[in-house]
Amino acid sequence: MAAQNSWPIFQLDVKSTFLHGDLREEEGFQKCPYKHTLFTKTEDEGKMLIVCLYVDDLIYTGNNTAMFGCFKKSMMAEFEMFDLGVMHYFLGIEVVQSSTRIFISQKKYVRDIMNKFQMKDCNPVNTPSEFGMKLNKDDGRKKVDDTIYNQIVGSLMYLTATRPDKKHDVSVIRRYMECPTEIHLLAAKRIFSYLQGTKDNGLFYRTLQKQSMANNGKIVLHIE
């Protein structure tokens, strides 16, 4: 929504204990019934402020700079917070904002997990899965450490936040978390090899021109 309307997203780092109820009690805030960490506040003439909380991180956006200033001032007066300005990094996701688009990626996260699982020096490949490779639960191959395998799958699952093109491949290797074998681990490592050459990929959320806003209000995504 922020990208669609060319709204900036700002971030506050919460240093002290912060209860969601405290924000809800602020005059005018409404808690989203479907996303309990999301709050909205509206004023006359369509003015809007949207706030999202996650543990010790708080981000906010909207269409009125005066509301931004009042909100930040009241929060920093009430709680111990540090103003991080325009959001650049949130929950392992790197964010680049401009007046025409928002780009999100997990370049650092990819490097971190490849280092963790000793794949930082692997050779890049052009596809995340080997053509013709079929995986089965009972393939008769040697079993591998299920703890390591599950950690790999979990790490790759989080990466799909900015790499939806990897959801299918990760969902496939996820099926074998109970009793992984060498061939399943090989398939997981293949995904790392693909990531080696596509670390910089992510999602573009593009601002819609006013004349295009009638297009059912859809958000335009570009995967790069």
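Refer to the preceding data block for the structure.
Residues numbered from 1 in each chain as written. Predicted model: local features only at pLDDT ≥ 70, side-chain atom pairs only at ≥ 80, totals over all residues. Heavy atoms only, no water.

Considerations on the packing of helix α3 (residues 107-116) against helix α4 (residues 146-159)
Here's step 1: It is at 11 Å that the axes of α3 and α4 come closest, and there the two elements cross at 170°. Judged on the interaxial angle alone, α4 and α3 are roughly antiparallel. For the pair α3 and α4, contact is made by Tyr109, Val110, Ile113 and Lys116 and by Gln151, Ser155, Leu156, Tyr158 and Leu159, respectively.
Here's step 2: Of the residues in the contact of α3 with α4, the class split is 6 nonpolar, 2 polar and 1 charged. (Axes fitted to C-alpha atoms, helices over the stretch in contact; angles between N-to-C directions. Helix = DSSP H or I, 4+ residues; strand = E, 2+ residues; numbered from the N terminus. Parallel < 35°, antiparallel > 145°, perpendicular 65-115°, else oblique. Contact = heavy atoms within 4.5 Å. Nonpolar A, V, L, I, M, F, W, Y, C, P; charged D, E, K, R; others polar.)

A word on the sheet that holds strand β3 (residues 38-42)
Here's step 1: An order of β2-β3-β4-β5-β1-β6 is seen for the 6 strands of this open sheet, with the pairing classed as antiparallel. Each end of this open sheet is capped by a strand with a single partner; those strands are β2 (29-31) and β6 (81-86). Neighbouring strand axes in the sheet, compared pairwise and without regard to direction, differ in orientation by 25° on average. (Pairing = 2+ DSSP bridges.)

A look at unusual backbone geometry
Here's step 1: In this structure, Glu45 is a non-glycine residue whose phi angle is positive, near 65°.
Here's step 2: Looking at the secondary structure, you find Glu45 in the loop between β3 and β4 (48-54).
Here's step 3: Positioned with a positive phi, Gln118 is a non-glycine residue whose angle comes to about 55°.
Here's step 4: Position of Gln118 among the secondary structure elements: in the loop between α3 and α4.
Here's step 5: Residue classification places Gln118 among the exposed positions, given a relative accessible area of 72%. (Buried < 20%, exposed > 50% of the residue type's maximum accessible area, 1.4 Å probe, protein only.)

Observations regarding α4
Here's step 1: Taking 1.5 Å as the rise per residue, α4 with 14 residues should run 20 Å; its terminal C-alpha atoms sit 20 Å apart, in good agreement.
Here's step 2: For α4, the complete set of buried residues consists of Tyr149, Ile152, Val153, Ser155, Leu156 and Leu159. Down the axis, α4 shows its buried residues gathered within 160° of arc, on one side only.
Here's step 3: Each element contacted by the buried residues of α4 is listed here: α3, α5 (167-174) and α6 (182-196).
Here's step 4: With a side-chain oxygen lying 2.8 Å from the backbone nitrogen of Thr147, the N-terminal cap of α4 falls on Asp145. (Expected span 1.5 Å × (residues − 1). Arc of directions from axis to C-beta. Polar contact = N/O pair within 3.5 Å; in protein donor to acceptor, adjacent residues only side chain to side chain.)

Examining the packing of aromatic side chains
Here's step 1: Scanning all chains against the criterion turns up 8 aromatic pairs.
Here's step 2: Between the aromatic rings of Phe103 and Phe204, the centroid separation amounts to 4.6 Å while the plane-to-plane angle is 40°, which identifies the pairing as tilted. A residue pair is termed long-range when its members are at least 10 positions apart, and Phe103 in strand β9 (residues 101-105) and Phe204 in strand β10 (residues 202-206) qualify at 101 residues.
Here's step 3: Counting every residue linked through ring pairs, the aromatic cluster contains Phe10, Phe29, Tyr60, Phe68 and Phe71. (Phe/Tyr/Trp six-rings, centres within 6.5 Å; stacked < 30°, edge-to-face > 60°.)

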